[in-house]
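Below, each chain spelled out in residue letters.
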Amino acid sequence: MAAVAFAVPDDTVLVADGGLATELEARGADLSDPLWSARLLIEAPEEIEAVHRAYFAAGAQIATTASYQASFEGFAARGVDAATAEGLLARSVQLARAATDDRPRRWVAASIGPYGASRADGSEYLGRYGLSVAQLSAWHRPRLEVLGSAGADLLALETVPDVDEAEALVGLVRATGLPAWLSYTIAGTATRAGQSLDQAFAVATGVPQIVAVGVNCCDPDDVLPAIEIARAVTGKPVIVYPNSGERWTSGGWSGPARFSPALVPAWIAAGARIVGGCCRVGPADITAVAALRRTCTERENPCGNSR
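The name an unreviewed UniProt entry assigns to the chain is Homocysteine S-methyltransferase, from the organism Mycolicibacter arupensis. Database annotation for the chain, UniProt heading Cofactor (unreviewed entry): "Zn(2+)".

A. Local environment of the overall build of the chain. Each helix and strand in the chain was counted, giving 12 helices and 12 strands. Computed over the C-alpha atoms, the radius of gyration of the chain is 18 Å, within 12% of the 19 Å expected from 2.2 N^0.38 for a compact globule of 307 residues. With respect to the three principal axes, the spread of C-alpha positions in the chain is 55 × 45 × 40 Å. Burial status across the chain gives 59% buried among its 307 residues. For the chain, restricting intrachain contacts to residue pairs at least 6 apart in sequence, the fraction spanning at least 24 positions comes to 77%. Accessible area of the chain: about 11500 Å², with a carbon and sulfur share of 50%.

B. Structural view of the layout of surface pockets. Looking at the largest pocket, its volume works out to about 990 Å³. Residue lining of the largest pocket: 45 residues in total, with Trp36, Glu124, Tyr125, Trp253 and Cys279 positioned closest to the centre. Residue assignment for the lining of the largest pocket shows that the elements contributing at least two residues are α1 (20-26), β4 (154-160), β6 (186-187) and β10 (247-249). The element contributing the most residues to the lining of the largest pocket is α1, with four residues. A class-by-class count of the residues in the lining of the largest pocket yields 19 nonpolar, 15 polar and 11 charged. By volume, the second largest pocket is sized at about 160 Å³. Contributing to the lining of the second largest pocket are 11 residues, with Asp10, Arg231, Pro237, Gly271 and Arg273 lying nearest its centre. Taken together, the residues of the lining of the second largest pocket sort by class into four nonpolar, two polar and five charged.

C. Quick peek at the environment of alanine 117. Residue position: alanine 117 is located in helix α6 (residues 115-119). The spatial distance from the C-alpha of alanine 117 to the C-alpha of tyrosine 68 is 7.4 Å, given a sequence separation of 49 residues. Those residues within four positions of alanine 117 in sequence are excluded, and the remaining contacts are Tyr68, Gln69 and Glu124.

D. Seen up close, the sheet that holds strand β9 (residues 238-241). In space, the eight strands of this open sheet follow the order β1-β12-β9-β8-β5-β4-β3-β2, with parallel pairing throughout. What marks the edges here is a single partner per strand, and that holds for β1 (14-15) and β2 (62-64). Judged from the three bridges that link them, β9 and strand β12 (residues 272-275) form a sheet pairing that is parallel. When the sheet's bridge partners are listed, valine 238 is paired in β12 with alanine 272. Those strands touched by helix α10 (residues 223-234) are β8 (210-216), β9 and β12, and its axis lies near 160 degrees from that of β9.

E. Spotlight on the UniProt feature "binding site: Zn(2+)" (unreviewed entry) in the chain. What UniProt calls "binding site: Zn(2+)" (unreviewed entry) maps, in this numbering, to Cys217, Cys278 and Cys279. With the annotated positions falling across 63 residues, the maximum pairwise C-alpha distance of 6.6 Å places them together in a single cluster. For the largest pocket, the lining residues drawn from the annotated set are Cys217, Cys278 and Cys279. Within the secondary structure, cysteine 278 sits in the loop between β12 and α12 (283-298). A relative accessible area of 13% places cysteine 278 in the buried class. Filtering out sequence-adjacent residues up to four positions away, cysteine 278 remains in contact with Gly18, Gly19, Asn216, Cys217, Tyr241, Pro242 and Asn243. When you line up the elements, cysteine 279 lands in the loop between β12 and α12. Setting aside residues up to four positions removed in sequence, cysteine 279 forms contacts with Gly19, Thr22, Cys217, Asn243, Ser244 and Trp253.

Reading guide: rules and limits
- Residues numbered from 1 in each chain as written.
- Predicted model: local features only at pLDDT ≥ 70, side-chain atom pairs only at ≥ 80, totals over all residues.
- Heavy atoms only, no water.
- UniProt positions renumbered as here; feature names shortened; annotations may be inferred.
- Helix = DSSP H or I, 4+ residues; strand = E, 2+ residues; numbered from the N terminus.
- Rg over C-alpha atoms; globule rule 2.2 N^0.38 Å.
- Buried < 20%, exposed > 50% of the residue type's maximum accessible area, 1.4 Å probe, protein only.
- Contact = heavy atoms within 4.5 Å.
- Areas by Shrake-Rupley, 256 points an atom, 1.4 Å probe, with all protein chains shown as cover.
- 1 Å grid on protein atoms, 1.4 Å probe; cavity = no way out; pocket = protein on both sides within 12 Å on 5 of 7 lines; lining within 4 Å.
- Points joined across faces, edges and corners; volume = space filled by probe spheres on them.
- Nonpolar A, V, L, I, M, F, W, Y, C, P; charged D, E, K, R; others polar.
- Pairing = 2+ DSSP bridges.
- Axes fitted to C-alpha atoms, helices over the stretch in contact; angles between N-to-C directions.

Okay, here's the thing in structure tokens:
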């Protein structure tokens, strides 16, 4: 499998998109399905492309594909055979690629969600599935290989709750040569499974295929300490895309939204090189993030940037 060249530029900060699924829901899509946003790969792919376009129009430079919760098992439960499932996974990349309109400095990251996401029971926020690293590697390999061959610029190994799963994923990208970022979902300064972030980020140390490390789908208040740990442990560019800070329960979203673009200068100053949002962070937020990113990178160090 040929590797795709991608590197985080040293001289700027890239803007990632926001929450794909929650923006689809905001536009009226019904995602009450174990496949979540991947359901629309079957039923309404044009809606996915429209959201990618909305984020690019808002100032994002990276689109993350609608493959987070897609899996061969999940598609099979809907009566979709393996060959068709491969085509749907590839479609997720094609939709994001179409939305770039082939403009420069727009990239596509193929989302590789954790094993727990495929179970559609929230276990990606717990980890510790009872599977070995070898078992997790075997489960992830087929989907990773399909997405890696579909023309994305890099892989997004995202919302990883557990060091064991990170080891499996990093081993796969090391073997394939595909560039990827590794992003944990965290609580405080630990993974959701309770491991220290020092231990978690160390998985990526010395692995050139991991082009950035960081956190996503976490409380915005947890981002700054994570940036500092990621830089200290790996020396790699850091990616951060927290959620809104609201909490999801069976009754829906609740609590205050604490994501604020005003936090971005501090994240950049601490060393973040890719900044975006996750659940409940929409195009308007990304527009503000992009504006602050320009302020922090196009003037003479106004944010106290440490690069």
